[in-house]
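Coordinates in review
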Amino acid sequence: MTQPLLSIENFSARFDQKTVVEQLNLTIQGGERLALVGESGSGKTVTALSILKLVEAAQLSGKIVFNGENLLQKSARDIQRVRGADIAMIFQEPMTALNPLFTIGEQIVETIIAHQALSRAEATQKTLELLTRTGIRQPEKNINSYPHQLSGGQRQRAMIAMALSCKPKLLIADEPTTALDMTIRARIVKLLIELQEEDVRANGTQGMAILLITHDLNLVRKFAHRVAVMERGRLVETADTQTLFAQPQHPYTIKLINSIPERNVLPVASDAKTLLEARKLRVEYPLPRKGWRGLLQSHSFTALHGADVTLREGETVGIVGESGSGKSTLAQAVLNLIKVKSGTIEVDGAPLYQLSKRLQREMRARLQVVFQDPFGSLSPRQTVRQIVGEGLELHFPALTAEERYTRIVQVLSEVGLSAQVLDSYPHEFSGGQRQRIAIARAFVLSPKVVILDEPTSALDVSIQKQVLELLVSLQKKFGLSYLLISHDLTVIQALAHRVYVLKDGEIIESGDTEQIIHTPQHPYTQSLVQASL
Amino acid sequence: MSQVIPHLSPARRNWQRFKRNRLGYWSLIVFVALYVLSLAGEVISNDRPLVVRYEQQWYFPLLNEYPESIFGGNLPIKADYHDPFIKAQLSKAGNFAIYPLNPYYYDTLNYFSKAEHYPGKPDDENLLGTDIAGYDILARLIYGFRVSVTFALGLTAVGVVLGIFFGAVQGYFAGKTDLVIQRLIDIWGSMPELYLLIIFASIFDHSLLLLFGLLSLFGWITLSDYVRAEFLRNRQLEYVKSARALGLSNTQIIWRHILPNSLTPVITFLPFRMSAAIMALASLDFLGLGVTAPAPSLGQLLLQGKENLDAWWIALSSFSVLVLTLLLLTFTGEALRNALDTRISDARQGGTL
């Protein structure tokens, strides 16, 4: 065993009274790919940031030894020489991690000049090489692009080029793919592995090591040599990737691994009637033109080109697609929250768009929605009682206060909350609990169709599973139909009977979920399946 | 999920955070107390006694006007309680009168004083001296403060209502509605406020009502910008979408969902808007565009102070009152701003003194 590249010994971090990392011991060997896994609040990001002393206002204790030197005792000036040169970092959201006022070329050249004695011309030359290596399209042209001119994946590649510019011995990647679309994720992961292996081939055990911070177990399985699992500031298990997935030791690890959702769907009755039928839905957003011409004529961007979707009683239909594919637009069109250009929707045989205002409002009780963000979907100044009861007051004005109370309590117990939470405000709950409240708000109206717009993508994996199980059990109990919108094929696979694949506003493939996942026809679906499973 | 913690609404939580800032909290208390005292100005500073007992009869000069003849005078004219003759009558055996702490109204002229007035130094008769017209400065300060603060409260209230209304309509409906109203506001906001004031002041009689009307026409614009921005941010949050999916009407969504979540800038700006309004009134009075004498006004006292630098008590006292008022409001405002700023933690909130 050689001297480890980085060793973290008895490391603790505290914010005021709150301990976020406690007695952590971890080593990284040269040329190793280590994944640090945990759910939000486990202290994994604080640990990573502490390596470069990037956390402010925290009391750190213990040792972080890199190349024989304790980083925690270095002065601000000395640590600056380590940052970027020996240890580099890539962040989750490349748009905010890059300075929007400089071209990516300028930013990489600056980094190189700051750490290495190179002339500007040499540094530019090197930047071009880096951009080529990280797979930026047309590097000669894009070296002069500003961050906003590049797509998310290209920006993350530029970030990686910048991180690699000084040949770091350790690269810290903090959720590097979370903000990206599925297919792009796979490519970035592949790129990182390639770059690292290339470096290891050249330098042997002196090659670059990568510390990957993530909550995504699929990613870990593909990427890491070794995995360290953190729970609430403590390291609970460290093992080889294969060993960890085959024989997890710690109960928390077992829980994490089991939290990958499993398929759990009931067959739909063959004579189930069609509840919702959308035909040739077309949605356009106006694009304003510049100057005076904008007042006279307007461009438009077509978000949805004639989508046909049907949903039967008791069925879950998945809509899968990446950002910008039009899946949320479809949800809003079905909810009648945006104007459609053309097309019709029939709910229970009634044409939704032709109904009178009053009937449309009545229809809303039968067509409910659960949104993605459990922090944005509840008004912060209403109590749970008000949030859940509001729809009842509107749609069932005949109910007495007592009847309303019973129904609120009943629906809360359906979603696993007790009546004690009635007078609490949303900020008192965790993400998973908030999502339960949002579900209760939709279900209290006894809807027939519920649109689930990325219902679990903001939640931790173990909570995601609980929420999905809750949704399935509610469906069984009330015979509901779900329109499930997600970018995550594992969620779709767990819940949906049928699936529609959406790309650039068009449905490119549809059919039985199992069939689509096992034998995808369209090349895009194939890449999507490959990327996520 | 069995939490037994008291459920603090965000508003209550902010109030507790505000209370933890002792300077701001006490500033608010002192300010409110001063205003309440000034509202009871007639009891504290008045040229008429509160209660009179004269020849087995009760009189309430504070409420009713009594002719001199009642108290043994010759003429059926209004009794002047500073008249040594009346005073002597009231203090005869069996009679008495309870005077306010400061026996002057803001427009009382003491014809019987022996001291040098116009202006007169602080002495036993006039605690803070008299101004160039011979009015008691303490009385004028009390009533001037009352007028200023009432004026500012009214102006702020009208500004808040108009600002929220326009900001809400713009921010909620966005798009073309927003564009049209914003252009109108731009035109409206580009009108020279001060010139308008000067022009109107030269056409009409100077009065508080005129000033109030003119200032409230312009005071809401900045506020509506903030409300608009908050509405634009909140309208696209998912809880608003959920409310629309529930089928709530626009008014219900604005009133119940977006407005309570958009009030932070409004509340934060209240004390600062108050102090701005007090300053506006004082400066207009100082420039001679405001109310005319003998109406009490801090700005006019300041002007007198400037013109009579040898009468140091005029400038000093009026200046002190203005500075104290504005300081109290600023401290309150700062504490409010910190209380509503979520980036400052609860623990650190207490420390900002």
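Definitions and cut-offs
- Residues numbered from 1 in each chain as written.
- Chains lettered and ligands numbered in written order.
- Predicted model: local features only at pLDDT ≥ 70, side-chain atom pairs only at ≥ 80, totals over all residues.
- Heavy atoms only, no water.
- Helix = DSSP H or I, 4+ residues; strand = E, 2+ residues; numbered from the N terminus.
- Rg over C-alpha atoms; globule rule 2.2 N^0.38 Å.
- Buried < 20%, exposed > 50% of the residue type's maximum accessible area, 1.4 Å probe, protein only.
- Contact = heavy atoms within 4.5 Å.
- Areas by Shrake-Rupley, 256 points an atom, 1.4 Å probe, with all protein chains shown as cover.
- Lys, Arg positive; Asp, Glu negative; His and termini not counted.
- Charge placed at Lys NZ, Arg CZ, Asp CG, Glu CD.
- Core = buried A, V, L, I, M, F, W, Y, C linked by side-chain atoms within 4.5 Å.
- Buried area = accessible area lost by both parts, 1.4 Å probe.
- Salt bridge = Lys/Arg side-chain N within 4 Å of Asp/Glu carboxyl O.
- Polar contact = N/O pair within 3.5 Å; in protein donor to acceptor, adjacent residues only side chain to side chain.
- Arc of directions from axis to C-beta.
- Pairing = 2+ DSSP bridges.
- Right-handed = clockwise from strand over helix to strand, strands pointing away.
- pLDDT = per-residue confidence, 0-100.
- Axes fitted to C-alpha atoms, helices over the stretch in contact; angles between N-to-C directions.
- Parallel < 35°, antiparallel > 145°, perpendicular 65-115°, else oblique.
- Left-handed = near helix turned anticlockwise from the far one by under 90°.
- Nonpolar A, V, L, I, M, F, W, Y, C, P; charged D, E, K, R; others polar.

Before going further, it helps to spend a moment on the overall build of chain B. Within chain B, the regular secondary structure consists of 15 helices and three strands. Relative to a compact globule of 353 residues, whose C-alpha radius of gyration would be 20 Å, chain B shows 26 Å and is clearly more extended. With 353 residues in all, chain B has 44% of them scored as buried. Partitioning the intrachain contacts of chain B with sequence separation of at least 6 by distance along the chain shows that 65% fall at a separation of at least 24. When the accessible surface of chain B is split by element, carbon and sulfur atoms take 66% of a total near 18100 Å². Positive and negative side-chain charges in chain B, numbering 28 and 27 respectively, have mean positions lying 16 Å apart.

Now for the overall build of chain A. Along its length, chain A carries 21 helices and 20 strands. Over its C-alpha atoms chain A spans a radius of gyration of 26 Å, differing by no more than 12% from the 24 Å that the globule rule assigns to 533 residues. With respect to the three principal axes, the spread of C-alpha positions in chain A is 75 × 60 × 45 Å. Looking at chain A as a whole, 53% of its 533 residues are labelled buried.

In this structure, A:Val388, A:Leu412, A:Ile437, A:Ile439, A:Phe443, A:Leu471 and A:Tyr482 are the most contacted members of the largest nonpolar core, which totals 51 residues. What A:Ile439 contacts, discounting residues up to four positions off in sequence, is A:Val370, A:Val415, A:Val467, A:Leu470, A:Leu471 and A:Leu474.

Turning our eyes to something else, we now look at the interface of chain B and chain A. Each side of the interface is counted separately: chain B has 27 residues, and chain A has 36 residues. Counting the surface lost from both chain B and chain A, the interface buries some 2900 Å², and carbon and sulfur atoms represent 52% of this. Applying the counting criterion to the chain B and chain A interface returns one salt bridge. Here B:Arg256 makes a salt bridge to A:Glu390, at a shortest N to O gap of 2.8 Å. If you look at where chain B meets chain A, you find 12 residue pairs in polar contact (both at pLDDT 80 or more).

Moving on: the pattern of salt bridges. Residue and element names in this part refer to chain A. Taken as a whole and judged by the stated rule, the model has 30 salt bridges over all chains. Linking Lys44 and Glu175 is a salt bridge whose minimum nitrogen-to-oxygen distance equals 3.9 Å. Residue Lys44 is found in helix α1 (residues 44–51), and its partner Glu175 is found in the loop between β7 (170–174) and α8 (182–203); the two are separated by 131 residues along the sequence. Comparing Lys44 with Glu175, the two get one shared label, buried. Glu454 is paired through a salt bridge with Lys327; the nearest N and O atoms lie 3.6 Å apart. Separated by 127 residues along the polypeptide, Glu454 in the loop between β17 (449–453) and α18 (461–478) and Lys327 in helix α13 (residues 327–334) bring together distant segments of the chain.

It is worth spelling out helix α11 (residues 251–258) of chain A at this point. What sets the pattern is the α-helix's 3.6 residues per turn: residues three or four places apart point alike. Residue and element names in this part refer to chain A. For α11, the complete set of buried residues consists of Tyr252, Thr253, Leu256 and Ile257. Buried residues in α11, looked at end-on, bunch into an arc of 135°, giving them a common side. Taken together, the buried residues of α11 touch β3 (33–37), α9 (217–223), β9 (226–231), β10 (234–240), α10 (241–246) and α18.

Residue and element names in this part refer to chain A. Taken together, four strands build an open sheet; the order of strands is β2-β1-β4-β5 and the sheet is antiparallel. Either end of the sheet is taken by a strand with one partner, and the two such strands are β2 (18–28) and β5 (69–70). Bridge count between strand β1 (residues 6–15) and β2: seven bridges; the pairing is antiparallel. Across the sheet, residue Ala13 finds its bridge partner in β2, namely Val21.

This part is about the environment of A:Ser151. Note that A:Ser151 resides in the loop between α6 (139–142) and α7 (152–164). The class for A:Ser151 is partly exposed, based on a relative accessible area of 40%.

Once that is clear, we can look at the pairing of β7(A). Residues and elements named next belong to chain A. Counting buried residues along β7, five of its five residues qualify, which places the element largely inside the surrounding structure. Because side chains alternate across β7, one face comprises the buried residues Leu170, Ile172 and Asp174, and the other comprises Leu171 and Ala173, equally buried. As paired strands, β7 and strand β8 (residues 209–214) are joined by five bridges and run parallel to one another. Pairing of Ala173 across the sheet is with Leu212, part of β8. Note on the crossover from β7 through α8 to β8: the handedness is right-handed.

Quick look at the confidence of the model for chain A now. Of the residues in chain A, 97% reach a pLDDT of 70 or more, and the chain-wide mean stands at 85. At the level of individual helices and strands, chain A shows its lowest average pLDDT in helix α12 (residues 293–296) of chain A, which scores 62, and its highest in strand β13 (residues 316–320) of chain A, which scores 92.

When two helices pack together, their arrangement is given by the angle between their axes and by how far apart the axes lie. All names here are of chain A. Where α8 meets helix α21 (residues 523–532), the closest approach of the two axes is 8 Å, and the angle between their N-to-C directions is 55°. Classified by the interaxial angle, the pair formed by α8 and α21 is oblique. Note that α8 runs across α21; the crossing there is left-handed. Contacts from Met182, Thr183 and Ala186 in α8 reach Ser527, Leu528, Ala531 and Ser532 in α21. Here the residues of the contact of α8 with α21 sort into four nonpolar, three polar and no charged.

Glancing now at the side chain of B:Thr332. Examined against the element boundaries, B:Thr332 turns out to sit in helix α14 (residues 312–340). The contact partners of B:Thr332, leaving out residues within four places of it in the chain, are B:Phe18, B:Gly24, B:Ser27, B:Leu28 and B:Pro271.

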